[in-house]
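Chain residues, written in single-letter form:
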Amino acid sequence: MGFFDKLKEGLSKTRRGITEKVEQVLVSFGKIDEELFEELEEILIAGDVGMETTIRITEDLRKKVKERKIVDPKEIKNLLKESIIGILKDDDTDLNTITKPSVIMVIGVNGVGKTTSIGKIAHMYKQQGKKVILAAGDTFRAAAIDQLEIWADRVGVDIIKHSEGSDPAAVIYDAVQAAKSRKADILICDTAGRLHTKKNLMEELRKMSKVIDRELPGASRETLLVLDATTGQNAISQARTFNEIADITGIVLTKLDGTAKGGIVIAIKSELDIPVKLIGVGEKMDDLQRFDAKEFVEALFA
Ligand SMILES: Nc1nc2c(ncn2[C@@H]2O[C@H](COP(=O)(O)OP(=O)(O)O)[C@@H](O)[C@H]2O)c(=O)[nH]1
Ligand SMILES: [Mg+2]
């Protein structure tokens, strides 16, 4: 299956949850009036686009309808696409991986899909011929280490791990040394996601970050926050919290295939100043895609 078809398939629930409903409303109205905008607002809010962003979109639609003297409700579909692309576009979604090695830290609460995304990112780079090393920085549970190891085997990359309960910063230290001596291109670090101990987590992330700063000064760095699309507006508040404890450079939005409310992408982009760089559209190795606003909207309205 090609890239675009996979994206389309991944967004099929959201197409039913948002796009098809929008289309139904548009064909059921003979003219464009306030009631139509209100129905659109309802659909967008129910699709997790978020109140603020929904209003931003419908205001834009009203303006465009007026300016362009549009009278046919069906023409609103293209205006809506335009409006959403307007919100989603002009982000730099490239991962900064210029230096050898480069470091990608992956953070986020438990269960959002950190470890899975790391496996997928490792696969993505391996496909490009890069040498990847994984660091099992979530030392809190033995199962977390095992899970990362399974991904390392599956993808065919090295992993650096310590035993359960050990110091994550020590794992990162060893992983950095391994990345240097094995001449790796990319080091990807898993982390624990115990947000209920916000202060400890902050301390833990800071310690890991310091090791990287000290051992790899000037290295390209990404700190990717993983958010689960199925958690809706809660994802936004997680992002706000994590943004206070780390310098997030991008978001990985997982499980878009599992939600009818993929409008959360639009809310994230509109309400947070952090680019969505990658999206997860399934549980398999190649179910991770670079986020492209235009492709996303095309797949949503396909
Ligand atoms: N459907 C779907 N499931 C995903 C995706 N990403 C992760 N998952 C699943 O989410 C669950 C938790 O993932 P995991 O990587 O262990 O989360 P972590 O606790 O943040 O490391 C697993 O069952 C994954 O297979 C995705 O994009 N789509
Ligand atoms: Mg994990």
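Residues numbered from 1 in each chain as written. Chains lettered and ligands numbered in written order. Predicted model: local features only at pLDDT ≥ 70, side-chain atom pairs only at ≥ 80, totals over all residues.

Draft legend 1. Representation of the site of ligand 1 in the model. Taken together, 20 residues are adjacent to ligand 1, and Gly113, Lys114, Thr115, Thr116 and Gly280 come closest. At 3 residues, helix H6 (residues 114-127) tops the list of elements feeding residues into the shell around ligand 1. Considered class by class, the residues forming the shell around ligand 1 number 3 nonpolar, 12 polar and 5 charged. (Near = placed C-beta within 6 Å. Helix = DSSP H or I, 4+ residues; strand = E, 2+ residues; numbered from the N terminus. Nonpolar A, V, L, I, M, F, W, Y, C, P; charged D, E, K, R; others polar.)

Draft legend 2. Spatial organisation of the packing of helix H2 (residues 12-28) against helix H3 (residues 34-46). Contact geometry for H2 and H3: axes closest at 10 Å, N-to-C directions at 165°. Classed by the angle they form, the pair H2 and H3 counts as roughly antiparallel. Crossing angle aside, the handedness with which H2 passes H3 is right-handed. Residue-level inspection shows Ile18, Lys21, Val22 and Val25 of H2 in contact with H3, the latter providing Leu36, Glu39, Leu40 and Ile43. Here the contact of H2 with H3 is built from residues that sort into 6 nonpolar, no polar and 2 charged. (Axes fitted to C-alpha atoms, helices over the stretch in contact; angles between N-to-C directions. Parallel < 35°, antiparallel > 145°, perpendicular 65-115°, else oblique. Left-handed = near helix turned anticlockwise from the far one by under 90°. Contact = placed C-beta atoms within 7 Å.)

Draft legend 3. Focus on H2. Between its terminal C-alpha atoms H2 stretches 22 Å, which fits the 24 Å expected from 17 residues at 1.5 Å a residue. In the structure, H2 departs most strongly from a straight axis at Thr19, where the bend amounts to approximately 30°. Buried residues along H2 sit in contact with H3 and helix H12 (293-300). (Expected span 1.5 Å × (residues − 1). Bend = angle between axes of the 7 residues up to and from the residue.)

Draft legend 4. Quick look at H6. Between its first and last C-alpha, H6 extends 20 Å over 14 residues, near the 20 Å set by a 1.5 Å rise per residue. Here H6 lies mainly inside the structure; 12 of its 14 residues are buried. By the burial criterion, the buried members of H6 are Lys114, Thr115, Thr116, Ser117, Ile118, Gly119, Lys120, Ile121, Ala122, His123, Met124 and Tyr125. Once H6 finishes, Gly129 follows within two positions and takes phi at roughly 85°, a positive value. (Buried ≥ 20, exposed ≤ 12 C-beta atoms within 10 Å, placed from the backbone.)

Draft legend 5. Looking closely at the pairing of strand S1 (residues 102-107). The element S1 is extensively covered by neighbouring structure, given that 6 of its 6 residues are classed as buried. Neither face of S1 is exposed, since Ser102, Ile104 and Val106 on one face and Val103, Met105 and Ile107 on the opposite face are all buried. Across 4 bridges, the pairing between S1 and strand S4 (residues 186-189) is parallel. Looking at the pairing, Val103 lines up with Leu187 of S4. Alignment of S1 against strand S5 (residues 221-228), held across 5 bridges, turns out to be parallel. The residue bridging Val103 from the neighbouring strand is Arg221, located in S5. (Pairing = 2+ DSSP bridges.)

Draft legend 6. Spatial organisation of the sheet that holds strand S6 (residues 250-254). One open sheet accounts for 8 strands, arranged S3-S2-S4-S1-S5-S6-S7-S8; its pairing is mixed. Looking along the sheet, the strands with just one partner apiece sit at the ends: strand S3 (158-160) and strand S8 (288-290). Each strand axis lies, on average, 25° off the axis of its neighbour in the sheet, ignoring direction. Pairing between strand S2 (residues 132-135) and S4: 4 bridges, direction parallel. When the sheet's bridge partners are listed, Val132 is paired in S4 with Ile186. Running over the sheet, H6 touches S1, S2, S4, S5, S6, strand S7 (276-280) and S8 and is turned about 165° from S2.

These figures capture arrangement, not role.
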